[in-house]
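The chain contents come next:
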Amino acid sequence: MERPANGPDDDHYSKAYGRFDNQLYADIRREAFGEDIGQNNWSTAEEHKRFLDWLELTPGDRMLDVACGSGGPTLYLAGQSGCRALGIDNSAQAVAYGTRVAEKMGTEQVEFVQLDADAPLPLPDASFEAVICLDAINHLADRRRALAEWARILRPGGRLLFTDCITLTGLISDAEVAARSRIGRYVFAPLGEDARLIGDAGLQLQLSEDVTESLALLSGRRWRARAARAEALSEIEDGTTYEAHQEVLRTAETLAVEGRLSRYVYLALKPRLSR
């Protein structure tokens, strides 16, 4: 599942990324996503291709991937566009895994560094043409500060793209909130809040699109792929961990299908300096 930036379940996510290359998990990803690019979110390779069109990255551009997890999507987007990329994550295991994959691929385009996305980033102003954060902004404690920080490091004319996979679009009970957030730390935002905070950060909203269909589809596929391998997974995960994953996935599917907890993608632009 998605990794919290710095929460009480960091050890859980570190363990998950520590065994990310286990063939069992690779099989689950292929069954759920179709094409396994090392993603651990709610996005297919086809959706990443759409993101590339919106980001308009070219060779020589720099992209920052915030809460990059395994680094698979970072490497995919950099490889497809020719851009240089920096992936940051709070998990040392995630960063180590991404670094190993980059070295195995023989690419020097992408670097992975352990950084806390909830803290000020030690990166220069106006140093990236693009910033992305896929299905992880909901783990950050201070979304307003994070967006301001991303705006700071974007160059004028640069683009920000992020997805929010727990956007409130209906009535949700306390039991459902607890089930959906059983693993990690989550901040639930009502529809409209992300767009408002984008504007507060000095960015111009270019696109807001409902992509809940992918959340509903992938959460169900992942639940079933894991359920089919319950016995094998029990040898790797303890029973509590396995059940927690399954409860999160099943709850995510139900709420997405019913349109009560949705996934949105946002594209924003940093205005060019006026003369």
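Everything here concerns the structure above.
Scoring rules and cut-offs
Position numbers for residues start from 1 in each chain and track the written sequence from start to end. Under the rules for a predicted model, residues below a pLDDT of 70 receive no local features and side-chain atom pairs below 80 are neither given nor counted, while totals for whole chains, interfaces and linings still include all residues. Only heavy atoms go into the side-chain values, all of them from the structure, while hydrogens and water stay out. Take a side-chain nitrogen of Lys or Arg and a carboxyl oxygen of Asp or Glu: if they are within 4 Å of each other, that pair is a salt bridge. Comment: elements are numbered from the N terminus, with helices defined as DSSP H or I runs of at least four residues and strands as E runs of at least two. Per-residue accessibility, obtained with a 1.4 Å probe over protein chains only, is compared with the maximum for each type, and a residue is labelled buried under 20%, exposed over 50%, and partly exposed between these values. Among buried residues, those of type Ala, Val, Leu, Ile, Met, Phe, Trp, Tyr and Cys that are joined through side-chain atoms within 4.5 Å constitute a nonpolar core. Between two residues, a contact is recorded if the distance between any of their heavy atoms is within 4.5 Å. Only the stretch in contact is used when fitting a helix axis, every axis being a line fitted to C-alpha atoms; angles between N-to-C directions are given from 0 to 180 degrees. Convention used here: angles under 35 degrees read as roughly parallel, angles over 145 as roughly antiparallel, angles from 65 to 115 as roughly perpendicular, and any remaining angle as oblique. Handedness of each helix crossing follows the sense of rotation of the near helix against the far helix: counterclockwise by less than a right angle gives left-handed, clockwise gives right-handed. Strands are labelled as partners when DSSP assigns at least two bridges between them. If the strands point away from the viewer and the path from the first strand over the helix to the second runs clockwise, then the crossover is right-handed. Note on aromatic pairs: the rings of Phe, Tyr and Trp (six-membered ring only in Trp) are paired at centre separations within 6.5 Å, and the planes decide the class, stacked below 30 degrees, edge-to-face beyond 60, tilted for the rest. Lysine NZ or arginine CZ positioned within 6 Å of the ring centre and within 35 degrees of the ring normal marks a charge as sitting over the ring.

Novice: Looking at this structure, I do not really get the pattern of salt bridges. What am I missing?
Specialist: Taken as a whole, this structure holds 23 salt bridges when the rule is applied. The residue Arg263 makes a salt bridge to Asp135 at a minimum N-O spacing of 3.0 Å. Taken together, the positions of Arg263 in strand S8 (residues 261-269) and Asp135 in the loop between strand S4 (128-133) and helix H6 (143-153) put the pair 128 residues apart, joining distant regions of the chain. Here the two residues Arg263 and Asp135 agree in accessibility, since each one is buried. Notably, a salt bridge pairs Arg224 with Glu253, separated by 3.9 Å at the nearest N-O pair. Here Glu253 lies in helix H11 (residues 239-257) and Arg224 lies in helix H9 (residues 212-227), a separation of 29 residues in the sequence. We classify Glu253 as buried; its relative accessible area is 19%. Connected via shared salt-bridge partners are Arg144, Glu193, Arg196 and Asp200.

Novice: What's the story with the nonpolar core in this structure? I'm lost.
Specialist: The tendency in soluble globular proteins is for nonpolar side chains to be buried side by side. Formed by 30 residues in total, the largest nonpolar core has its most connected members in Leu64, Val66, Trp150 and Leu160. Secondary structure elements with two or more residues in this core: strand S1 (62-66), strand S2 (84-89), S4, H6, strand S5 (154-168), helix H8 (193-200) and S8. Looking at which element gives the most residues to this core, the answer is H6, with five residues. Excluding residues that lie within four positions of it along the chain, Trp150 makes contacts with Val66, Leu121, Val131, Cys133, Ile137, Leu140 and Leu160. Judged by nonpolar contacts, the second largest core, of 26 residues, contains Ile37, Cys83, Ile132 and Leu161.

Novice: Can you walk me through the packing of H9 against H11 in this structure?
Specialist: Geometry of a packed helix pair, given as the angle between the helix axes and the separation of the axes. Contact geometry of H9 with H11 gives a least axis separation of 8 Å together with a crossing angle of 150°. Classified by the angle between their axes, H9 and H11 sit roughly antiparallel to one another. Here the hand of the crossing between H9 and H11 comes out left-handed. Between H9 and H11, the residues in contact are Thr212, Leu215, Ala216, Ser219, Gly220, Arg222, Trp223, Arg224, Arg226 and Ala227 and Tyr242, His245, Gln246, Leu249, Arg250, Ala252, Glu253, Ala256 and Val257, respectively.

Novice: Whenever I open this one, the pairing of S5 confuses me. Can you help?
Specialist: The two faces of the sheet receive side chains in turn, since in a regular strand these alternate between them. In terms of burial, S5 is largely enclosed, as 12 of its 15 residues are buried. Here S4 pairs with S5 via five bridges, running parallel. Counterpart to Cys133 in the pairing with S5 is Phe162. Handedness of the crossover joining S4 and S5 through H6: right-handed. Where S5 meets S8, eight bridges bridge the pair, whose relative direction is antiparallel. Opposite Leu168, over in S8, you have Leu261 as the bridge partner. As paired strands, S5 and strand S6 (residues 189-190) are joined by two bridges and run parallel to one another. Along S6, the bridge assignment pairs Thr167 with Ala189.

Novice: Help me understand the pairing of strand S3 (residues 110-114), please; the structure alone is not making it clear to me.
Specialist: Across five bridges, the pairing between S2 and S3 is parallel. Along S3, the bridge assignment pairs Asp89 with Gln114.

Novice: It is not clear to me how the packing of aromatic side chains should be interpreted in this structure. Could you clarify?
Specialist: Aromatic ring pairs are defined here through the distance separating the ring centres and the angle between the ring planes. One pass over the structure, following the stated rule, counts six aromatic pairs. The interplanar angle of 45° and the centroid separation of 5.8 Å between the aromatic rings of Phe51 and Trp54 together place this pair among those described as tilted. Of this pair, Phe51 and Trp54 both sit in helix H3 (residues 45-55), three residues apart, which is roughly one turn of the helix. Given a relative accessible area of 1%, Phe51 falls into the buried group. Aromatic side chains Tyr264 and Tyr266 sit 6.3 Å apart centroid to centroid with 25° between the ring planes, which places their arrangement in the stacked category. Overall, Tyr266 belongs to the buried group, its relative accessible area being 2%. Taken together, Tyr17, Phe20 and Tyr97 form an aromatic cluster joined through their ring pairs. Between Arg29 and the ring centre of Phe20, over which it is positioned, the NZ or CZ distance is 4.0 Å.

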